[in-house]
Amino acid sequence: MVLERVYLVFRRYPVVPSMITYSFLYPGANYVQQRYFRNHRPGENLIDWKEVTRFCVYGGLIHAPLVYNWLKFAAHLFPKTTVSHLLAKVALDQSCFAPVALSTFYIGLSTLEGKDKDGIYEEWRQKFPNTWACSAFIWPFLQTINFRFVPGGLRPIFVAVCSFFWTTMLAAWKHTNPTINLDFLSNLRKQ
């Protein structure tokens, strides 16, 4: 009975499963980044729960609807599973959606942190270009799998699961200096 009602809600509002998924995966990725990859000073709390909460709000209320609607739009523009439609979706994803999604990430979280417009712009200006360049090596491969093999209704969930790992990196880059520095991986070896 309860599962039947949940199923009806999910069918009536198909963005809701994505919102629930991102509400867990984004803060989870941030938690993993803070716990295992962030350099902590002695006596410093391991987890900043306000930061985890910001990732939850951003992931569930901003990023999930953005991804859901993007994937729906891309499938509408290129509905076929042919190679040409697949390549068009992947190219469009990197050239149009990625800049919007990454900008939304940096701007949205900086806004939730309470930064002023100059601080928001400065962080975006310093971190966005390198992040977008890195995404160009990762996401085309993942989106090719997504658009080719994953059923349309499960695509936002597939992206969310992949995003867990990507968001762990983004959380590290958001917290670090402007240049992408993978030195935080050395923490894994120490533990």
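Higher on the page you've got the structure.
The written sequence of each chain sets the order in which its residues are numbered from 1. In keeping with the model being predicted, local features are shown solely for residues with a pLDDT of at least 70 and side-chain atom pairs are shown and tallied solely at 80 or more, while totals for entire chains, interfaces and linings include all residues. Side-chain numbers here rest on the full set of heavy atoms in the structure, without hydrogens or water.

Enquirer: Mind showing me how you'd approach the packing of helix 2 (residues 15–37) against helix 6 (residues 155–175) here?
Expert: If you want to describe how two helices pack, look at the angle between their axes and the distance between the axes. As a packed pair, helix 2 and helix 6 sit with axes 8 Å apart at the nearest point and diverge in direction by 35 degrees. With respect to the hand of their crossing, helix 2 and helix 6 are arranged in right-handed fashion. Packed against helix 2, whose contacting residues are Pro17, Ser18, Thr21, Tyr22, Leu25, Tyr26, Gly28, Ala29, Asn30, Val32, Gln33 and Phe37, the element helix 6 presents Pro156, Ile157, Val159, Ala160, Val161, Ser163, Phe164, Thr167, Thr168, Ala171, Ala172 and His175 at the interface. For the contact of helix 2 with helix 6, the per-class residue count stands at 15 nonpolar, nine polar and no charged. Each axis is a line fitted through C-alpha atoms, and for a helix only the stretch in contact is used; angles between axes span 0 to 180 degrees, taken between their N-to-C directions. Helix numbering and strand numbering both begin at the N terminus, where a helix is a DSSP run of H or I of at least 4 residues and a strand a DSSP run of E of at least 2. By definition, any crossing whose near helix is turned counterclockwise from its far helix by less than a right angle is left-handed, and any crossing with a clockwise turn is right-handed. Note on contacts: a residue pair qualifies if any of its non-hydrogen atoms lie within 4.5 Å across the two residues. The residue classification treats Ala, Val, Leu, Ile, Met, Phe, Trp, Tyr, Cys and Pro as nonpolar and Asp, Glu, Lys and Arg as charged. All others, Gly included, are polar.

Enquirer: I tried to follow the packing of helix 3 (residues 49–77) against helix 4 (residues 83–113) on my own but got confused; where do I start?
Expert: Orientation of helix 3 relative to helix 4, taken along the N-to-C sense of each, is 160 degrees, at an axis distance of 11 Å. With respect to helix 4, the axis of helix 3 lies roughly antiparallel. Note on packing geometry: the crossing formed by helix 3 with helix 4 is right-handed. On helix 4, the residues touching Arg54, Phe55, Val57, Tyr58, Ile62, His63, Leu66, Val67, Trp70, Ala74 and Leu77 of helix 3 are Lys89, Leu92, Asp93, Phe97, Val100, Ala101, Thr104, Phe105, Gly108, Leu109, Leu112 and Glu113. Its residues placed into classes, the contact of helix 3 with helix 4 shows 16 nonpolar, three polar and four charged. An angle counts as roughly parallel when it lies under 35 degrees, as roughly antiparallel when it exceeds 145, as roughly perpendicular when it falls between 65 and 115, and as oblique in every other case.

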